[in-house]
Amino acid sequence: MILAVTAVVASVLAAVAVPSIAASPPPPGPFGGFTIDGAIPDAGAGVYTDPDGGASELGPKNGSPTKVGVVHKATPAMLDFTNPNSQTDLKTVWMNTGKDAGGDTWLYFAWERDSNTGSGQIMFEFDKKPAPAACDYTGVSQTSPATPGATALINSCNPWANRAAGDFVIVWDISGGSTTIIKRTFSGVAPNLTLDAGVTLAAADAKAAFSGDLFKGEAAVNLTSTVFPPVKTSCFTVANVIPGTVTGNSDTADYKDVVLNGFADQYISDCGSVKVTKATDPIGQSGSFPVTLSRSGGGAIDFVPHQPTTQTLVNDKGEKTFPDLLAANDYQLAENVPAGWDLVSVVCDGTDVTGGTFSVVAGEEVDCVVNNLKRAPALSLVKTATPKTYSKVGDVIGYSYAVKNTGNVAFAGPVTVVDDKTTATCPAGGLAVGATKTCTASYTIT
Ligand SMILES: [Ca+2]
Ligand SMILES: [Ca+2]
Ligand SMILES: [Ca+2]
C-alpha cells in the first residue's frame, strides 16, 4: 500500500488586537465630550508623569538662547538639570482628544503642579514635525545624576529644533485663578520664526477649570475651529508636543519646567491614520506580507504628494502605518497573500472587515490586524479488512480506507487510494478540515 500521510501541526486561530493608542476618546459631546469641571483628569486621558519635588530634572538651561521665542535655535548642549520651584514644577500632565456632535476635534489637556499658589503660566507647544531623532526619551532617567542616556540627550537634543510656521502654543496664565486660554502661532520661515501676540479663545472654543485644591487644572480647546485650516490641501498633524511652564506670556519668557515625552499614544490631526499589524498562526512565524490600502469608490487615500498605497509587513507582529489619510467611509485593506499562507481575516478596531470596507475618521487611528494561517496540509489513512481471516481460495475480503483531513487547510480532492493488491473506489469530492471519506475495495483469494 502506498499513501503519504504527513504530520499535522496543531494550530489555534487567533485574532490579536494590538491597540497603540492608549488614550481613549470619550463619547462625542459638548467640549469634545470632556467635562471641564475641576474633577481631574477626565477618564480615558493619557497620563504622563514628570519628576517633581526636590528632584533636579532635565529641562532647558536658563539663558538668552532658550527664551520662548528663540529656543528652537539653541545649540546643544541646551538641556541641563534644573530644579524648578514648586509653583512651576509640573508633576503630571494628561492629554486626550475627542469630538463634539458636529464632528469638530477637541484637545483635552490637564496638569498638576507642586504648589497651589504662586504665579506661573502653562504653555503646551504643538509642532507638526517630530522632535529630532536625538531626542528619544525612551527609558532615559530625567533626574540627576546624569545617566549615559541623559548625557546623550544633553549633548545632542533640542526638543524645539524642528519648530516651523503654523506650529502653535496654548497658554494658560494660572496666576490669580484665570481661566483664559490664549492661542499663539508661529509664522515666518524656519528658523526665523515670529510668535504672534496670540488670540484669546472664545468661550465656545475653549473652557478651563481648576481643581478645588488648586493644584491641578484642565482645559478643552476646539482644534477644528481654532487651529486646523478651514480649506485643506494637506494634513495638519501634530508630531511633537512640549508641555511646560514659563514665567510669562512673551517671546522673552523663560522656561521653568518642561515635560519631555514622545506622547506616542496621542494622535492629534485633522486627517486619519491606519496602523496595520501582522498576526501569524502559529505565532512567531517569519515572512513578508504586502498589504494595500485603497478606497472602494476609487478616491485617493491622501493629499498630493501621495504616499505608497502598498506597504510590507515583516514577520509576526510586524507593523506599518499609513499616515495622513483623508476621512472617508469606503476604505479597504487587502493582502497579497504569500505562497504557503492563507488569509484568515482583516480585523479593524475589533470588527472583521475582510473583503469589506471600514471608516477612517479625522483625528483617529484605526488599528487593523491581518491574520494569516500558515498552510499545513496533512491526511491520515486507516485501512480495515473484513473479515480479518480467510480459509480457502475464492474467499472475498472487503477493505475500507478511512481518509481523514488532519491538516489545517481544505483538501480539494479527488480522494484516491492506491493499493498494490486491489483497486480502491473513493467517493467524489474533497475533504474539509477534519472531514473523513471512506474508500472501499475487495480482494478475492487466489
Ligand atoms: Ca473633568
Ligand atoms: Ca517637573
Ligand atoms: Ca520636567
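Residues numbered from 1 in each chain as written. Chains lettered and ligands numbered in written order. Predicted model: local features only at pLDDT ≥ 70, side-chain atom pairs only at ≥ 80, totals over all residues.

K.L.:
Got a sec to walk through the overall build of the protein chain? Specific residues and values, please.
P.N.:
Across its full length, the protein chain carries 2 helices and 30 strands. By the compact-globule yardstick of 22 Å for 446 residues, the protein chain is too spread out, its C-alpha radius of gyration being 32 Å. Over its C-alpha atoms, taken along the principal directions, the protein chain stretches across nearly 110 × 50 × 45 Å. Each of the 446 residues in the protein chain was classed as buried or not, and the buried ones make up 37%. Restricting the contact set of the protein chain to residue pairs at least 6 apart, pairs at least 24 apart contribute 69%. (Helix = DSSP H or I, 4+ residues; strand = E, 2+ residues; numbered from the N terminus. Rg over C-alpha atoms; globule rule 2.2 N^0.38 Å. Buried ≥ 20, exposed ≤ 12 C-beta atoms within 10 Å, placed from the backbone. Contact = placed C-beta atoms within 7 Å.)

K.L.:
Break down the pairing of strand E21 (residues 328–335) for me, with residues and values.
P.N.:
Note that strand E18 (residues 288–295) and E21 share 5 bridges and pair antiparallel. Residue pairing in the sheet places threonine 292 in a bridge with alanine 334 of E21. (Pairing = 2+ DSSP bridges.)

K.L.:
Just give me the short version of the confidence of the model for the protein chain, but keep the residues and values in it.
P.N.:
In the predicted model, the protein chain carries a mean pLDDT of 93, and the fraction of residues at 70 or more is 95%. Contacts from residues 1–21, a stretch scored under 50 in pLDDT, to residues over four places away or in other chains number 48 contacts. (pLDDT = per-residue confidence, 0-100.)

K.L.:
I'd like a rundown of the environment of asparagine 83, residues and numbers included.
P.N.:
Residue position: asparagine 83 is located in the loop between strand E3 (79–82) and strand E4 (90–99). Asparagine 83 sits in the partly exposed class, given 17 other C-beta atoms within 10 Å. Along the backbone, asparagine 83 and proline 145 are 62 residues apart, and their C-alpha atoms lie at a distance of 12 Å. Other than its neighbours up to four places away in sequence, asparagine 83 contacts Gly54, Ala55 and Ser56.

K.L.:
Describe the sheet that holds E18, with residues and values.
P.N.:
Strand order in the open sheet formed by 4 strands is E19-E18-E21-E24, with antiparallel pairing between adjacent strands. Only two strands of the sheet have a single neighbouring strand rather than two, namely strand E19 (310–314) and strand E24 (358–360). Averaged over all pairs of adjacent strands, the angle between strand axes in this sheet comes to 40°, irrespective of strand direction. Bridge count for E18 against E19 is 5 bridges, and the pairing is antiparallel. Residue pairing across strands places threonine 292 opposite threonine 310, the latter belonging to E19. (Axes fitted to C-alpha atoms, helices over the stretch in contact; angles between N-to-C directions.)

K.L.:
Which residues make up the sheet that holds strand E20 (residues 319–325), and what values go with them?
P.N.:
Spatial ordering of the open sheet is given by E20-E17-E25-E22-E23, a layout of 5 strands whose pairing is mixed. Each end of this open sheet is capped by a strand with a single partner; those strands are E20 and strand E23 (351–352). As paired strands, strand E22 (residues 341–348) and strand E25 (residues 365–374) are joined by 7 bridges and run antiparallel to one another. Each residue of the ladder has a partner; that of valine 347, found in E25, is valine 369.

K.L.:
Kindly report on unusual backbone geometry, identifying the contributing residues and their values.
P.N.:
Leaving glycine aside, a negative phi is the common case for residues, and trans is the common case for peptide bonds. Cis geometry is adopted by the peptide bond preceding proline 191, which originates at alanine 190 and carries an omega value of 5°. Relative to the assigned elements, proline 191 resides in the loop between strand E8 (181–189) and strand E9 (192–195). The peptide bond linking aspartate 281 to proline 282 adopts the cis configuration, its omega dihedral lying at 5°. The backbone phi angle of leucine 214 is positive, close to 65°, even though this residue is not glycine. Here leucine 214 shows up in the loop between strand E11 (206–210) and strand E12 (216–222). You will see that aspartate 324, though not glycine, has its phi angle at about 50°, which is positive. Residue position: aspartate 324 is located in strand E20. The exposure class assigned to aspartate 324 is partly exposed, which follows from the 18 C-beta atoms found within 10 Å.

K.L.:
I'd like to hear about the environment of lysine 320, residue by residue, with values.
P.N.:
For lysine 320, the position within the fold is in strand E20. Placed 68 residues apart in sequence, lysine 320 and lysine 388 show a C-alpha to C-alpha distance of 61 Å. Excluding residues within four positions of it along the chain, lysine 320 makes contact with Val276, Gln311 and Leu313.

K.L.:
Which residues make up the domain arrangement of the protein chain, and what values do they have?
P.N.:
What the domain assignment lists for the protein chain is domain 1 (30–266), domain 2 (288–374) and domain 3 (379–444). Inter-centroid distance (C-alpha atoms) of domain 2 to domain 3 is 45 Å. (Domains from an automatic or database assignment.)

K.L.:
Please give an account of the environment of glycine 297 that cites residues and values.
P.N.:
Tracing the chain through its elements places glycine 297 in the loop between E18 and E19. Its 11 C-beta neighbours within 10 Å are what place glycine 297 among the exposed residues. In the structure, glycine 297 is positioned 146 residues away from threonine 151 in sequence and 52 Å away in space, judged by C-alpha atoms.

K.L.:
An account of the nonpolar core is requested, with residue identities and associated values reported.
P.N.:
Taken as a class, soluble globular proteins show a tendency for nonpolar side chains to be buried jointly. Formed by 80 residues in total, the largest nonpolar core has its most connected members in Val93, Phe109, Ala219, Ala220, Val221 and Cys368. Here this core takes 6 residues from strand E5 (residues 105–113), the largest share from any one element. Contacts of valine 221, omitting those with residues within four sequence positions, involve Trp106, Leu107, Ile170, Ile181, Leu201, Asp205, Ala206 and Thr226. Membership of the second largest hydrophobic core comes to 7 residues, among which are Val403, Val417, Ala424 and Leu431. (Core = buried A, V, L, I, M, F, W, Y, C linked by C-beta atoms within 7 Å.)

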